[in-house]
Structure formats: structure tokens, C-alpha cells
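Take a look at the letters that make up each chain.
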Protein chains: 2
Amino acid sequence: MSNIRIDGRALWADLMETARFGGTEKGGIKRLTLTEEDRQVRDWFASACTALGCTMTVDRLGNMFARLEGQDPTLPPITMGSHLDTQPTGGKFDGILGVLGGLAVLRALRESGHVTRHPIELINWTNEEGSRFSPPMMCSGAFAGAFTEEEVLDKRDRAGERFGDALDAIAYRGEQQCGDHPVAAYFELHIEQGPILEAEDYVIGSVTGVQGMRWYEATVTGRDAHAGSTPMTMRADTLSAAASMIAAVSRVAQDHAPLGLGTVGLIENRPNSHNVVPGETFFTIDLRHPDDAALAEMEKSLLTALDSVAESGKVTLSIRQIWDAPAVPFDRRCIDIVTDSAKEAGYTPREIVSGPGHDAAYMARITPTAMIFVPCRDGLSHNEAESITEAEAEAGANVLLGAILRADRVF
Amino acid sequence: MSNIRIDGRALWADLMETARFGGTEKGGIKRLTLTEEDRQVRDWFASACTALGCTMTVDRLGNMFARLEGQDPTLPPITMGSHLDTQPTGGKFDGILGVLGGLAVLRALRESGHVTRHPIELINWTNEEGSRFSPPMMCSGAFAGAFTEEEVLDKRDRAGERFGDALDAIAYRGEQQCGDHPVAAYFELHIEQGPILEAEDYVIGSVTGVQGMRWYEATVTGRDAHAGSTPMTMRADTLSAAASMIAAVSRVAQDHAPLGLGTVGLIENRPNSHNVVPGETFFTIDLRHPDDAALAEMEKSLLTALDSVAESGKVTLSIRQIWDAPAVPFDRRCIDIVTDSAKEAGYTPREIVSGPGHDAAYMARITPTAMIFVPCRDGLSHNEAESITEAEAEAGANVLLGAILRADRVF
């Protein structure tokens, strides 16, 4: 339908060039939000967009909008974006591919001479990672109305520095009220941060939504006892009970295959001594499913199973839910746009649910939204060894370009 | 058969009086071996024995022998004993009851005017606990030929102090070569350190031996992965696998009920983070059984089960045995002597296997040996809250007295 193509080499050069801002010895990036390194990459980004003829808007939380004007300036923009901040030992692609891939889209449009109907905007969201100021995705959240500007500005990092002061210090507090910015649709290109596409040999994932997630903390209480003198029948062994509970978490997830996930990542055992029957065991539970009803069912089955283990193990279980993030289904039209764009570019896309949260999950609250995933090596992310190929970056950006052009016609 | 009886009130007074040496605020005792507190209780003990007309011998490792002469000084002595050292947060009865109960036996014999055929000796073993100098039961071990004097004298505590120097510092290095001391039989009174007698409402346990024990360390290796983006089928989750392995440890013990014991007391999980599928899990295994053949069978079943879990969990298991202490069966004549003595004193004794090791386990290598257990509240031991009643102390000492008198006739 269109002969416009991404310049893959230029995209890769941008990825490598900006990786210098906060670059680490091991080939990763440490570019925490609102630091000097963040300012450097923002300045670079603003220059690059301006050089393409974009106008830049910055809102009061530092979110950056690069706008390429369309035929009808009264239409709300088709948008795309992601983030340029990283984890403390982050990689070169998480978030960054979505922004610089968007820049490649703008460059392709500009160089082709094609003028879209809508304005096209590329967004760099402030503080997606949440590793300096918690929670993550705070500024797309504020954009979507989940937080107020004041709440965000008053957040403090562990050193006590206020978000608003840090924003001022790098001179990225803009004039526009956060969220006072019409949007027609939103697309985000991102690395998968999981192993599925690579394992199943797909180049493109068409993301149907972000799965729901519930987190719990469980404490099992029993009785310390001498491992050499306490008969099995007289024990209240909390680690043994916790072991059966951990097995129940896996079983409940497997009962909801293939989309249900259940993980016990953290365990602490007391007194944790070789020859003492444990008397207190703490562990966390992480349940996920793209469908909230299924997630609620998983929770119900799990709680029943855990109670039964506690009773037969003669221990007490105290469990509390510490986080409930409902599933976010993306817009079917946008998903189809991504799928069609991928096919047009010659790829068979795999429909996939995002494990991690993304800025797109907040944007989905206020505008038609979808995402494009590309594989990352060994599913590795939040890691300096995070890796993708130039061809994968180019493929993802081409699908993003196609999606923007399709959305320009659909909306 | 005999009208000689223990003075329970005097025994209790001795227990309470000596509890001052190293006494803690919480009612326990901190009396590590070869410390100033140990010297104080040894001095008290030597005085008390001498006052009863005993002669004291101290060997080169500080083991103390209080001898009440019998009719035939050429006969080897019938012996009894235990230890006066404690854990860092020990109780008032572990070990101490065996020594002061023995003192009550000497007092009862002395006051009755009854003169035994054999000499009767009461032994205070050096360093039973092993919490300052490792391993435990080092000096009864040397007495029985398991260690040389030199090995023991050269042991160092965590501060680097040599056993021999610490022994000199409290002036308890004697002349007699350790082990160069004939013995006709050995009896040891001790608290059970487990819950069985109390739960089944017995006052006296007639101990048939010390169970065999094998310790293992297991490391499960898999692959860290993102809890939100890694399908259940693509995980190599080491905590989930370890949970099934822990269940197998309990199951193998239950398959060898009621005497088989299996415990996982210690677990360490990596990276141990809420939303990361664990990639390495370490845990210990403690298997016990009074019968070595049964213990070997337990080990075999367990290893088969663990291999099968590792295979189905797609993880690697590395397991090594770090300790193998064979079972110690006590002398049937001595067990019967204890049982008959208990019945004579009006108790129905329960035959019981000792979970923990004791000096008696080494003595059983060189002389007919048995033990007497009395209950301790809630099975609690190695704890400042360790507790028994005056009546239980008196009952145990009466059975010890009866056993000594019977042994005096049998051997």
C-alpha cells in the first residue's frame, strides 16, 4: 500500500549514539529519570525532532511531544511513543526502541514527502521505569488521569529529592497541563521482555493487551522443633507446608494454561537452621492472567488450596493481597491495524499478551491503543545484556510506520 | 528391692544453686565450656563430691570423675554422668540433670550407708555441647578413642583460643591420660529434648539407642526469568522444583513411620525477588532413623524421587552428603536394667530412641551403656525456657539410682 520504508541503519545508529548517555562498561545504560543523563538524551531527542521539522511541546511533568504537522491541523494527532529512561542496570532497548523507532517513522515520513491527514506525534514519557520515583509509568498515568500533577510533582526519590525539583533542575518542566492534549490513537513499539517470540521464531508480536496481576504476601506460622526428636506427626513444619503451597501456585497456573502465570519468587524461612523444624515461613505470590475473570478464578482456587494445605499441615496461614492491577485489553481496531501492518511488511505476527506494564496500558484508558513487540535475546530485559538485532529493530519500526499510516486512514 | 531413695528437694536445690553460674536474665544458663562460669560450676561440683567422701580424678582433657569406693576396689566402676556446659542460650537441665542427678545418687548411697560391690563413679564430661569448640561430645569421644588427646587440645574456638590453653586457664587439665580409666557400665540421665514422653504422658523413657543421621546439601539450578512474561512451560523454576523435593523428604519419612524423620530446615533462594522466577535454590536435608538399614533405604528412595523431580522440572540437582552418623544401639542388659528400675520405682517406662547425640553414644562403643529420659515441657531444649518439674527430676534420679544398684549386681 505504501512504499515508504524505515532507514534501519539510521535507526541503529541513533540507538547506538544515544546509548552513550549513561552508557555502562558492560554495554548497558544507567539513565535514571530526571538525571543529567536523562537531560542529555532529552536534548539530543529534541534536536533530532526539530531537525526533522517537528515542533516540540513539553508538559508540566516533562512528557515530550514531537509533532509533525498533517493536512488537517484540527484533527487530533495519531501518536506513538515510549520512554528514554532506564533501570539502574538497564539495557539499550527497553523503551528506547519505541522512541527512536518513532523517530525513524517521522524521518521516513519526512523524507518520503508523504503528508498524513492527522498530525503525527511522537511522545517521550517521563519516568516509565519507576526505579528512581515510584510508581512506574507515573507520567503516562497522570496523562490518562490516574494521578494528579501535584501527586507526581511531590514524589520523592530515596535521597529525598522531590520530582518537581529534579524536573526543574534539568529544565524540563513545560507549560502545558499534563493530559490537556487531544489524541486520536496511540501505538507503542517495545521489546517483548520475554522469551515467546524468540522461542516460536516470530519477528513481530501484535499485543492484544496487558495481563492482569495480583500480588500477595503469605506468612505460615507453626512451631520450631528439634529435627532429631520431633516425630513427623507432632510437627507444625511451616517450610513443608509452604512447599505444598508453592506447588499449589504452580498447579493453579497450569490449570489456566497457557495464559495463566503463577510465581513464588521470594521465600524467607525461620529460624532457617539445618536441624530445626521451621516455625515460620514467609513467601510472595504473583498471579497473572490477561482475563480478569480468569484471574479471579485463579485466586479463588488458590486460596481454597492454601487453606486446605494449612489445615492438613497443622499450621496457620495469613495471606494478604498487596497489589491488584486489572487486565488492560487493547483496542481491537488498533490490534488489527498492527496485525495488518505486520502482514503487509511480510511478517506473520503472533498475537501476544504483555507480561510487564507499559505506558500503553495507561493510554488505553483514554484512546484507542495497541503495541508492537519484537523479540529480545533469551527474553532478557532489565539487564545490561539486553539484546536485539538491527534487523529486528528495523522490522519493528516498519510495522510501527505501517500502523501509523493505517491509523491515519481509519481514525 | 531397695529402700534407698533420692532426696528430691536437695537435687532441686542443687539445680537451682548451680544455675547461678552463668545464669541469664531469662532464667537460662550461658555456660560455655572452659570459661570462668564453667570453672565455677566445676569447683562447686568438686567440693560437693568431696564433701560426700568421693575422691576426684581429672583427666588430661578436663573430664572429671568423682569416685565413691565400693567393697571391691579392684572392680571397674559402675559409672554415670553427663555434662555441666551449656549452649549460649541454654537451659537449666540439658546435661546438668544427669550430673546433679548422679550427685543425688551418690548422696543417697552415702546417707543410706549402703556400700556397693563396685566403685561408683560420676563423670562430668568436658565440652558436650560443642558450641565453643566443635565437634560436640569431643571429650567422651576422646575417652572412647574416637579422637586423640592432641586433636582435642589443638581445637580452637572462633576467637582463635586453643582448647588446651583454655583448659589450663581454668586449671582443669589433669594428670590421667584420657580413656586410661576402666569402666564396667555407663548410665546417663537426660531430659528428652523432644515432645514424645510429655505428649504420651510418660514420666520415664528407657532409651534403646541413638538414631542414625545423614545430612545433605542440595543445590537446584535453573534459569532466572521474568515472572510476568515467561510461560509456565518455558520456566526452569528452581523454587518450584525445590518445593516438590521438600515434599518428597516428608513423604519418604512418612513412608518409614513412626521412626523415620526427614527435615528441610534451611533454604536459600536466588535472586529471591517477588517478580523473578527463581534460578537457584539451596536447601539442606536431615534424614534420621534408629536402624541404619532403614536409613539407607530412606536415602535411596529420596534420591530417586529428587532425580525425578529435577527431570520433570527441567532443573539440575547437585546433592552431597555432608554427615553420616550411624545409629548407636544401646546394650540390651543396660536397657533392661533401666526398664526394671523404672518399674520398681512405680513407673511404666516407654522405650524411646534418642534424637540428639549424647556422651552415652560414645561410651556405648567401649562399655555397656543405656540412658534414662525424663520429659521436658513442650519438648523445648537448647532454649532458656527449657523446663522440667521437681517431681520429674526426682523420678529420673530415682530410676538412675535403681539402675546403678542393679548394675552393681549384674556386672
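Rules behind the numbers
Residues numbered from 1 in each chain as written. Chains lettered and ligands numbered in written order. Predicted model: local features only at pLDDT ≥ 70, side-chain atom pairs only at ≥ 80, totals over all residues. Heavy atoms only, no water. Helix = DSSP H or I, 4+ residues; strand = E, 2+ residues; numbered from the N terminus. Rg over C-alpha atoms; globule rule 2.2 N^0.38 Å. Buried < 20%, exposed > 50% of the residue type's maximum accessible area, 1.4 Å probe, protein only. Domains from an automatic or database assignment. Contact = heavy atoms within 4.5 Å. Buried area = accessible area lost by both parts, 1.4 Å probe. Salt bridge = Lys/Arg side-chain N within 4 Å of Asp/Glu carboxyl O. Expected span 1.5 Å × (residues − 1). Polar contact = N/O pair within 3.5 Å; in protein donor to acceptor, adjacent residues only side chain to side chain. Pairing = 2+ DSSP bridges. Least-squares fit on C-alpha atoms with pLDDT ≥ 70 in both. Core = buried A, V, L, I, M, F, W, Y, C linked by side-chain atoms within 4.5 Å. Lys, Arg positive; Asp, Glu negative; His and termini not counted. Axes fitted to C-alpha atoms, helices over the stretch in contact; angles between N-to-C directions. Parallel < 35°, antiparallel > 145°, perpendicular 65-115°, else oblique. Left-handed = near helix turned anticlockwise from the far one by under 90°. Nonpolar A, V, L, I, M, F, W, Y, C, P; charged D, E, K, R; others polar. Disulfide = S-S within 2.5 Å.

Engineer: Please clarify how the overall build of chain A should be interpreted in this entry.
Structural biologist: Along its length, chain A carries 12 helices and 16 strands. Compactness check: chain A gives a C-alpha radius of gyration of 24 Å against a globular reference of 22 Å for 411 residues, within 12% of the reference. With the C-alpha coordinates aligned to their principal axes, the bounding extent of chain A is approximately 85 × 45 × 40 Å. For chain A, buried positions account for 61% of its 411 residues.

Engineer: Would you explain the domain arrangement of chain A in this entry?
Structural biologist: All names here are of chain A. For chain A, the domain assignment lists domain 1 (8-210 + 327-410) and domain 2 (212-325). A separation of 38 Å is found between the C-alpha centroids of domain 1 and domain 2. Residue-level contacts link four residues of domain 1 with seven residues of domain 2. For the domain 1 and domain 2 pair, buried surface summed over both sides reaches about 370 Å², with 56% attributable to carbon and sulfur atoms. Looking at the side of domain 1 facing domain 2, the largest losses of area belong to Ala327, Val353 and Gly355, adding up to 88% of the total buried there. Viewed at the interface, domain 2 and domain 1 are joined by zero salt bridges.

Engineer: Looking at this structure, how should I read helix H8 (residues 238-255) of chain B?
Structural biologist: Residues spaced three or four apart along an α-helix face the same direction, because each turn holds 3.6 residues. Residue and element names in this part refer to chain B. Compared with an ideal rise of 1.5 Å per residue, which puts 18 residues at 26 Å, H8 spans 25 Å between its outermost C-alpha atoms and is within 8% of the ideal. Counted residue by residue, H8 has 13 buried out of 18 residues, so it is predominantly covered. Capping the start of H8, aspartate 237 holds a side-chain oxygen 3.0 Å from the backbone nitrogen of leucine 239, two or three residues further along.

Engineer: Explain the pairing of strand E7 (residues 212-221) of chain A here, please?
Structural biologist: Regular strands place their side chains on alternate faces of the sheet. Residues and elements named next belong to chain A. Taking burial as the measure, the 10 residues of E7 include seven buried ones, the bulk of the element. Two strands pair when backbone bridges link them, and E7 and strand E12 (residues 280-289) are joined in this way by 10 bridges, in the antiparallel orientation. Residue pairing for E12: glycine 212 is matched across the bridge by histidine 289. Alignment of E7 against strand E13 (residues 316-325), held across nine bridges, turns out to be antiparallel. Within E13, the position partnered with alanine 218 by the bridge is isoleucine 319.

Engineer: Before we go on, may I ask you to explain the relation of the copies chain A and chain B in this structure?
Structural biologist: Both copies of the chain are related through a single rotation about an axis accompanied by a shift along the same axis. Overlaying chain A with chain B gives an RMSD of 0.2 Å, the required rotation being 180 degrees about an axis along which the chain moves by 0.2 Å. The superposition operator between the copies reduces to a two-fold rotation axis. Considering only C-alpha atoms, the residue of chain A closest to the rotation axis is A:Ala243, which sits at 2.2 Å. A share of 100% of interface residues in chain A that are also interface residues in chain B marks the association as one of identical surfaces.

Engineer: How should the interface of chain A and chain B be read in this particular structure?
Structural biologist: Contacts between the two partners involve 46 residues from chain A and, on the opposite side, 46 residues from chain B. Carbon and sulfur atoms supply 63% of the area that chain A and chain B bury against each other, a total of about 3,900 Å² over both sides. Counting across the interface, chain A meets chain B through zero salt bridges. Seen at the junction of chain A and chain B, the total is 18 residue pairs in polar contact (both at pLDDT 80 or more).

Engineer: When you look at the pairing of E12(A) in this model, what are you seeing that I'm missing?
Structural biologist: All names here are of chain A. Within E12, nine of the 10 residues are buried, leaving the element largely enclosed by the surrounding structure. With three bridges connecting them, strand E9 (residues 261-263) and E12 associate as antiparallel partners. Residue threonine 263 lies in a different strand from E12, and its bridge partner there is aspartate 286. The pairing of strand E10 (residues 267-270) with E12 spans four bridges and is antiparallel. The residue of E12 that forms the bridge with arginine 270 is glutamate 280.

Engineer: Explanation requested: the side chain of B:Asp38 in the structure shown.
Structural biologist: As for its placement among the helices and strands, B:Asp38 is situated in helix H2 (residues 36-51). Excluding its chain neighbours within four sequence positions, the residues that come into contact with B:Asp38 are B:Arg31, B:Leu32, B:Thr33 and B:Ile170.

Engineer: Teacher, can you tell me more about the environment of B:Tyr362 here?
Structural biologist: Residue and element names in this part refer to chain B. Relative to the helices and strands, tyrosine 362 is located in helix H11 (residues 359-363). Between the alpha carbons of tyrosine 362 and cysteine 139 there is a distance of 9.4 Å; along the sequence they are 223 residues apart. Not counting residues within four places of it along the chain, the set of residues in contact with tyrosine 362 comprises Met137, Ser140, Gly141, Ala144, Ala146 and Phe147.

Engineer: Would you mind going over the nonpolar core with me for this structure?
Structural biologist: Ranked by internal contacts, the top residues of the largest apolar core, which has 99 residues, are B:Leu15, B:Ile78, B:Phe163 and B:Phe187. When sequence neighbours within four positions are dropped, the list of residues in contact with B:Phe187 reads B:Ile78, B:Thr79, B:Met80, B:Gly81, B:Cys334, B:Ile337, B:Val338, B:Ala370, B:Leu400, B:Ala403, B:Ile404 and B:Ala407. Counting 95 residues, the second largest nonpolar core, distinct from the first, contains A:Phe21, A:Phe45, A:Phe187 and A:Val210.

Engineer: What exactly am I supposed to notice about the environment of B:Leu153 here?
Structural biologist: All names here are of chain B. For leucine 153, the position within the fold is in helix H5 (residues 149-153). Taking the C-alpha atoms as reference points, leucine 153 and threonine 367, separated by 214 residues in sequence, lie 24 Å from one another. When sequence neighbours within four positions are dropped, the list of residues in contact with leucine 153 reads Arg60, Leu61, Arg162, Phe163, Gly164, Leu167 and Arg173.

Engineer: Is there a simple way to think about the side chain of B:Lys92 in this case?
Structural biologist: All names here are of chain B. Take lysine 92: it is sitting in the loop between strand E3 (78-83) and helix H3 (96-112). An unpaired buried charge is present at lysine 92: no salt bridge exists, and glutamate 386, the closest side chain of opposite charge, is 8.1 Å distant. In this structure the side chain of lysine 92 is engaged in a polar contact, spanning 3.0 Å, whose partner is the backbone oxygen of glycine 27. For lysine 92, the contacting residues outside a window of four places in its chain are Leu15, Met16, Ala19, Gly27, Ile29 and Glu386.

Engineer: Hey, could you run me through unusual backbone geometry in this one?
Structural biologist: What you tend to see is this: most non-glycine residues have negative phi, and most peptide bonds are trans. Residue and element names in this part refer to chain A. In this structure, proline 135 follows serine 134 across a cis peptide bond, with omega equal to 0 degrees. Structurally, proline 135 is set in the loop between strand E4 (120-125) and helix H4 (138-143). Not every positive phi belongs to a glycine, and histidine 382 is a case in point at roughly 50 degrees.

Engineer: Would you take a moment to explain the packing of H2(B) against H3(B) for this structure?
Structural biologist: Two numbers describe a pair of packed helices, the interaxial angle and the distance between the axes. All names here are of chain B. Contact geometry for H2 and H3: axes closest at 10 Å, N-to-C directions at 15 degrees. On the basis of their axis angle, the class for H2 and H3 is roughly parallel. In this structure, H2 crosses over H3, and the sense of that crossing is left-handed. Of H3, the residues touching H2 (which contributes Trp44, Phe45, Ala48 and Cys49) are Val99, Leu100 and Leu103. Here the residues of the contact of H2 with H3 sort into seven nonpolar, no polar and no charged.

Engineer: Would you mind going over the state of the cysteines with me for this structure?
Structural biologist: By definition, a disulfide is the covalent link that joins the sulfur atoms of two cysteine residues. Residue and element names in this part refer to chain A. Applying the stated criterion across every chain yields a total of zero disulfides over all chains. The closest cysteine sulfur to the non-disulfide-bonded cysteine 178 is located on cysteine 139, 6.6 Å from its own sulfur. Residue class for cysteine 178 comes out buried when judged on its relative accessible area of 8%.

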